[in-house]
Amino acid sequence: MSEHFDVLVAGAGITGLTSAALFARAGARVGLVAALSDSEPPQGDIALRTLAITPASARVLAAAGAWQHVDMARAGTFTAMEVWDAGSAGRLAFAPDALHSGPMGWIVEYQNLVAALHRALARLPVTRIAHQVHTLERGADAAVVLDDGGRLDGRLLIAADGADSRLRTAAGITWEHHAYGQRAIVANVVTREAHGAVARQRFLPSGPLAFLPLADAHACSIVWSCNDELATALEQMDDTAFAAALGEAFEHRLGTIETVSPRAAFPLARAHAERLVAGRLVLVGDSAHLVHPLAGQGLNLGLLDVAALAECVGEVTPGRWPHPAALRRYERWRKSEALAMTLVTDGLERLFAREERPLRWLRGAGLALTARLPAAATWLCERAMGERGDLPRIARRDAAAALVSDPPLGQNSRP
Ligand SMILES: Cc1cc2nc3c(=O)[nH]c(=O)nc-3n(C[C@H](O)[C@H](O)[C@H](O)COP(=O)(O)OP(=O)(O)OC[C@H]3O[C@@H](n4cnc5c(N)ncnc54)[C@H](O)[C@@H]3O)c2cc1C
């Protein structure tokens, strides 16, 4: 016997939890299939896994009823960005124009977001099924078999089960995957000088190095993307040697690196699913696309997938829901947005990795020119904030007023 839902969500990462909350708030009968996981807010030291969240994504999370539960005392905010090139004199600093109120984005721990989403879900009639999806039911497009042999079906099945999505594989959707041969080393550091709520990134030939401001005015989350050889060397260094190498790679922009947390490393790849829809199965988030983290946009892309899907399929109605044309619209919309993001991140990664003199000169000249053109800087700024592109309604600046006024600022102060 199968249990029936309007919407069946597989995976309780941030896109899965957001899907469950958004659809339940819209009145759908939602089943969430996910192994039991930690739903408690983080405590103590800031965790290594943090994410840059754009204002557009914050509005999606607000519409899901979660943003208001994020512990802002643990979140960093940034109000400006600075990028520069190790291979040229090119440097670019940008901040939103005076008309924009609020930060450019937040640096939030993964578990802070997860806990906020669980709090939102606690108020909603979502059925939790504490299992893993094993595969798709044979011959069905929106029915799943669980790891204990149980069966569930939905009128809409959302695969939010990450980059190794079993549902994508079971549906026979091709996954174009390219490993960069790089790893991202992440750590939290304390620097002599205050970060001033600026997100900074230096492009090195071996890959980009980002310092993202945390709530403590002297603490940053760093993401150092580099080729596997350098990553192995960095992983093996003791803290003193790592702090020295990090400070040098960052041109000591924030003075001495005073302390470093333990480090973690993530292999980097770009990938995309050839289709986002198969019958009534729909891919969102990392099950649909993977992008280089240099622009901090992977999850932001996934949250906009979820918002776009909810908008395309509309309210649950009796009869033929979701309409196949609505799912096709979702697929066209989000495939082109994911492709645009992949081209940007991939293009930047390649451009800054090149060491030939003419290319380095061109990069320097390009950055200098952009810095002198206010319209170009505004465009870049809005793109980084997720305010550009074909945005779902609930992610737009104007539509957000009804949901949440300006999301609150983090603390950015030293305790
Ligand atoms: C170093 C690094 C830095 C990053 N920084 C940023 C950033 O600053 N900003 C940003 O926007 N993005 C960033 N990203 C990308 C971001 O982390 C991901 O895009 C995002 O977490 C993907 O969320 P998701 O919910 O789609 O997938 P996941 O987080 O992978 O969640 C998938 C969930 O599905 C579950 N699952 C898997 N299989 C099954 C199954 N068979 N049945 C049931 N459940 C299943 C998993 O347990 C998991 O809980 C970064 C990535 C890296 C590597």
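Residues numbered from 1 in each chain as written. Predicted model: local features only at pLDDT ≥ 70, side-chain atom pairs only at ≥ 80, totals over all residues. Heavy atoms only, no water.

Focus: the overall build of the protein
Thinking step 1. Each helix and strand in the protein was counted, giving ten helices and 20 strands.
Thinking step 2. Over its C-alpha atoms the protein spans a radius of gyration of 21 Å, differing by no more than 12% from the 22 Å that the globule rule assigns to 415 residues.
Thinking step 3. Residues classed as buried in the protein amount to 54% of the 415 residues present.
Thinking step 4. Long-range contacts, defined here as pairs at least 24 residues apart, represent 75% of the contacts in the protein between residues at least 6 apart.
Thinking step 5. Side chains of the protein give 41 positive and 44 negative charges; the mean places of these two sets differ by 5 Å. (Helix = DSSP H or I, 4+ residues; strand = E, 2+ residues; numbered from the N terminus. Rg over C-alpha atoms; globule rule 2.2 N^0.38 Å. Buried < 20%, exposed > 50% of the residue type's maximum accessible area, 1.4 Å probe, protein only. Contact = heavy atoms within 4.5 Å. Lys, Arg positive; Asp, Glu negative; His and termini not counted. Charge placed at Lys NZ, Arg CZ, Asp CG, Glu CD.)

Some remarks on the environment of Asp71
Thinking step 1. Among the structural elements, Asp71 can be located in the loop between α2 (55–63) and β4 (76–78).
Thinking step 2. Residue classification places Asp71 among the partly exposed positions, given a relative accessible area of 31%.
Thinking step 3. Separated by 240 residues in the primary sequence, Asp71 and Glu311 have C-alpha atoms spaced 28 Å apart.
Thinking step 4. Of the polar contacts made by the side chain of Asp71, one reaches the backbone nitrogen of Ala73; its length is 3.1 Å. (Polar contact = N/O pair within 3.5 Å; in protein donor to acceptor, adjacent residues only side chain to side chain.)

Quick look at the site of the ligand
Thinking step 1. Taken together, 25 residues sit near the ligand, with Thr15, Ala52, Val133, Asp286 and Leu299 positioned nearest.
Thinking step 2. Residue Ala160 places a main-chain N or O atom 3.5 Å away from an oxygen atom belonging to the ligand.
Thinking step 3. In isolation the ligand has 1,000 Å² of accessible area, and contact with the protein removes 81% of it.
Thinking step 4. Looking at the shell around the ligand, the elements that each hand over two or more residues are α1 (14–25), β3 (50–53) and α7 (298–313).
Thinking step 5. With three residues, the single largest contributor to the shell around the ligand is α7.
Thinking step 6. Along the lines of polarity and charge, the residues of the shell around the ligand split into eleven nonpolar, ten polar and four charged. (Near = heavy atom within 4 Å. Areas by Shrake-Rupley, 256 points an atom, 1.4 Å probe, with all protein chains shown as cover. Nonpolar A, V, L, I, M, F, W, Y, C, P; charged D, E, K, R; others polar.)

Topic: the packing of α1 against α7
Two measures define how a pair of helices packs: the angle their axes make with one another and the distance between the axes.
Thinking step 1. Orientation of α1 relative to α7, taken along the N-to-C sense of each, is 25°, at an axis distance of 10 Å. Relative to α7, α1 is oriented roughly parallel. Along this stretch, α1 crosses α7, giving a crossing that reads as right-handed. Where α1 approaches α7, its residues Ile14, Thr15, Thr18, Ser19, Leu22 and Phe23 are matched on the opposing element by Leu299, Gly302, Leu303, Val306, Ala307, Leu309, Ala310 and Val313.
Thinking step 2. Its residues assigned to classes, the contact of α1 with α7 shows ten nonpolar, four polar and no charged. (Axes fitted to C-alpha atoms, helices over the stretch in contact; angles between N-to-C directions. Parallel < 35°, antiparallel > 145°, perpendicular 65-115°, else oblique. Left-handed = near helix turned anticlockwise from the far one by under 90°.)

Concerning the pairing of strand β12 (residues 175–191)
Thinking step 1. Two strands pair when backbone bridges link them, and β12 and strand β17 (residues 264–273) are joined in this way by ten bridges, in the antiparallel orientation. Its bridge partner being in β17, Ala179 is matched across the sheet by Ala269.
Thinking step 2. Alignment of β12 against strand β16 (residues 257–260), held across three bridges, turns out to be antiparallel. Its bridge partner lying in β16, Thr191 is registered against Ile257. (Pairing = 2+ DSSP bridges.)

Digging into the pattern of salt bridges
Thinking step 1. Applying the stated criterion across every chain yields a total of 16 salt bridges.
Thinking step 2. Between Glu137 and Arg151 there is a salt bridge; the shortest N-O distance is 3.0 Å. Highlighted residues: Glu137 in the loop between β9 (133–136) and β10 (143–146) and Arg151 in strand β11 (residues 151–159), separated in sequence by 14 residues.
Thinking step 3. Across the pair Asp141 and Arg280 runs a salt bridge, and its minimum N-O distance is 3.0 Å. Placement of Asp141 in the loop between β9 and β10 and of Arg280 in the loop between β18 (277–278) and β19 (281–283) is noted, with a sequence separation of 139 residues between them.
Thinking step 4. Relative accessible area serves as the criterion here: at 33%, Arg280 is assigned to the partly exposed category. (Salt bridge = Lys/Arg side-chain N within 4 Å of Asp/Glu carboxyl O.)

Focus on the side chain of Arg200
Thinking step 1. Here Arg200 lies in strand β13 (residues 198–204).
Thinking step 2. Only 3.0 Å separates the side chain of Arg200 from the backbone oxygen of His195, close enough to count as a polar contact.
Thinking step 3. Ignoring anything within four residues of it in the chain, the contact list for Arg200 reads Glu82, Trp84, His195, Leu209, Ala210, Phe211, Phe250, Arg253 and Leu254.

Brief notes about the nonpolar core
Thinking step 1. Counting residues in hydrophobic clusters, the biggest one holds 78 residues, and the most contacted among them are Phe23, Trp67 and Leu309.
Thinking step 2. In terms of residues, this core owes the most to one element, α7, which gives nine residues.
Thinking step 3. In this structure, Ile107, Ala184, Val186 and Ala210 belong to the second largest nonpolar core, which totals 23 residues. (Core = buried A, V, L, I, M, F, W, Y, C linked by side-chain atoms within 4.5 Å.)

Thoughts on α1
Thinking step 1. Here α1 spans 16 Å end to end across twelve residues, near enough to the 16 Å set by a 1.5 Å rise per residue.
Thinking step 2. With respect to burial, α1 is a largely interior element, eleven of its twelve residues being buried.
Thinking step 3. For α1, the set of buried residues is Ile14, Thr15, Gly16, Leu17, Thr18, Ser19, Ala20, Ala21, Leu22, Phe23 and Ala24.
Thinking step 4. After α1 finishes, the residue Gly27 shows a positive phi value of roughly 95°. (Expected span 1.5 Å × (residues − 1).)

Don't take any of this as a statement about function, it's just geometry.
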